[in-house]
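Coordinate inspection notes
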Amino acid sequence: MSERPAGRPLRPAALVLDVLDTLFPLAPLEWRFREAGIPRVLMTRWSDHLLRDSFALALVGGDGADRSFEDVVRGALRDITGHQIAPSAEDSVVEGLAGLDPRPEAAAALRAACGAGVPVAVLGDHDDALARGLLERAGLLDLVEDVLAARPAGEWRPAPGAYRAAARSLGVAPERLALVTAHGWDVAGARNAGLVTGWSSHLEGRFPSVFAPPDVSGRDLAETVDGLLSPPTGGPGAQVT
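Residues numbered from 1 in each chain as written. Predicted model: local features only at pLDDT ≥ 70, side-chain atom pairs only at ≥ 80, totals over all residues. Heavy atoms only, no water.

**A look at the side chain of Asp18**
For Asp18, the position within the fold is in strand S1 (residues 14–18). Of note is the side chain of Asp18, whose polar atom sits 2.9 Å from the side chain of Arg157. If sequence neighbours within four positions are ignored, Asp18 has contacts with Leu23, Leu123, Arg157, Leu179, Val180, Thr181, His183 and Asp186. (Helix = DSSP H or I, 4+ residues; strand = E, 2+ residues; numbered from the N terminus. Polar contact = N/O pair within 3.5 Å; in protein donor to acceptor, adjacent residues only side chain to side chain. Contact = heavy atoms within 4.5 Å.)

Next comes the structure, spelled out in structure tokens:
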């Protein structure tokens, strides 16, 4: 069963789901690394570099506004390989992002929200074309009301503006929007922006102790969404709408 801290906020009026490693696992890219002759261990280092650089851009702003998600992906690949990666291998990894498959419970999680009358969107730091293409390829696009891109909106996550822009796009107050993610850092960013937070443990296993806990946690996306849609356990004045 999902876990909820006492007194969690009201049931959200809308949900927004993270894309990469939440809805669509990155692990299948491993074979593209192998084909490129990049040691398996370096895929984790690439992912770490990708997060490091996007976090830095979220903090410094300025010139970071001119960088695209693909710029960061390619830069991280070059860094971990000592700039020895062949252009064709680099292209192969980047192209592989568009061919990722969703988690097995992704459709059930999205349908549960739609069935409850709660609008659903997805949010990524990449442009909306990548997310839209992944959803369409997986047959999930019809279950999503909007495809949001934090990066073109002007800020990298976990900067608060990225999450607040998502709330504005969906026409809800930040405190009535719930983020569903598999990343502890994403929970921290959304919480800082005033959102309700749902964390799926399928990627990290244990929630990072450095961050305040999410409002809801579950073993997978379906359980996390179910927890967010359940009546809140707050005080007697709490209402489900």
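Now that the structure has been shown, we can carry on.
**Notes on helix H3 (residues 69–80)**
Its 12 residues give H3 an end-to-end C-alpha distance of 17 Å, which sits within 8% of 16 Å, the value for a rise of 1.5 Å per residue. Of all the positions in H3, only Phe69, Val72, Val73, Arg74, Ala76, Leu77 and Ile80 are classed as buried. Against helix H1 (30–35), helix H2 (41–60) and helix H4 (87–96) lie the buried residues of H3. Looking one or two residues beyond H3, the residue adopting positive phi is Gly82, at roughly 65°. (Expected span 1.5 Å × (residues − 1). Buried < 20%, exposed > 50% of the residue type's maximum accessible area, 1.4 Å probe, protein only.)

**A short note on the packing of aromatic side chains**
The geometry of two aromatic rings is summed up by the distance between their centres and the angle between their planes. Per the stated rule, a full pass over the model turns up four aromatic pairs. Measuring from ring centre to ring centre gives 5.0 Å for Phe55 and Trp185, while their planes differ by 65°; the resulting arrangement is edge-to-face. Residue Phe55 is located in helix H2, and its partner Trp185 is located in helix H8 (residues 184–192); the two are separated by 130 residues in the primary sequence. Owing to a relative accessible area of 25%, Phe55 belongs among the partly exposed residues under this scheme. The exposure class assigned to Trp185 is buried, which follows from its relative accessible area of 14%. Consider the rings of Phe207 and Phe211, whose centres lie 6.5 Å apart with planes at 65°: the pair is edge-to-face. By way of ring pairs, the aromatic residues Trp199, Phe207 and Phe211 are connected into one cluster. (Phe/Tyr/Trp six-rings, centres within 6.5 Å; stacked < 30°, edge-to-face > 60°.)

**Regarding the packing of helix H5 (residues 106–115) against helix H9 (residues 221–229)**
Axis separation between H5 and H9 bottoms out at 8 Å; the angle between their running directions is 15°. One element, H5, and the other, H9, form an angle in the roughly parallel class. Considering how the two elements wind past one another, H5 and H9 form a crossing that is right-handed. Side by side, H5 and H9 meet where Ala106, Ala109, Ala112 and Ala113 of the first sit next to Leu221, Ala222, Val225 and Leu229 of the second. Here the residues of the contact of H5 with H9 are counted per class, giving eight nonpolar, no polar and no charged. (Axes fitted to C-alpha atoms, helices over the stretch in contact; angles between N-to-C directions. Parallel < 35°, antiparallel > 145°, perpendicular 65-115°, else oblique. Left-handed = near helix turned anticlockwise from the far one by under 90°. Nonpolar A, V, L, I, M, F, W, Y, C, P; charged D, E, K, R; others polar.)

**Observations concerning the pairing of strand S2 (residues 120–124)**
Across the five residues of S2, five count as buried, placing the element largely inside the fold. Residues of S2 alternate between two faces, with Val120, Val122 and Gly124 on one and Ala121 and Leu123 on the opposite face, all of them buried. Strand direction decides the pairing type here: S1 and S2, joined by four bridges, are parallel. Counterpart to Asp18 in the pairing with S2 is Leu123. Strand direction decides the pairing type here: S2 and strand S3 (residues 146–149), joined by four bridges, are parallel. Each residue of the ladder has a partner; that of Ala121, found in S3, is Asp146. (Pairing = 2+ DSSP bridges.)

Functional significance is not addressed by these values, which are geometric in nature.
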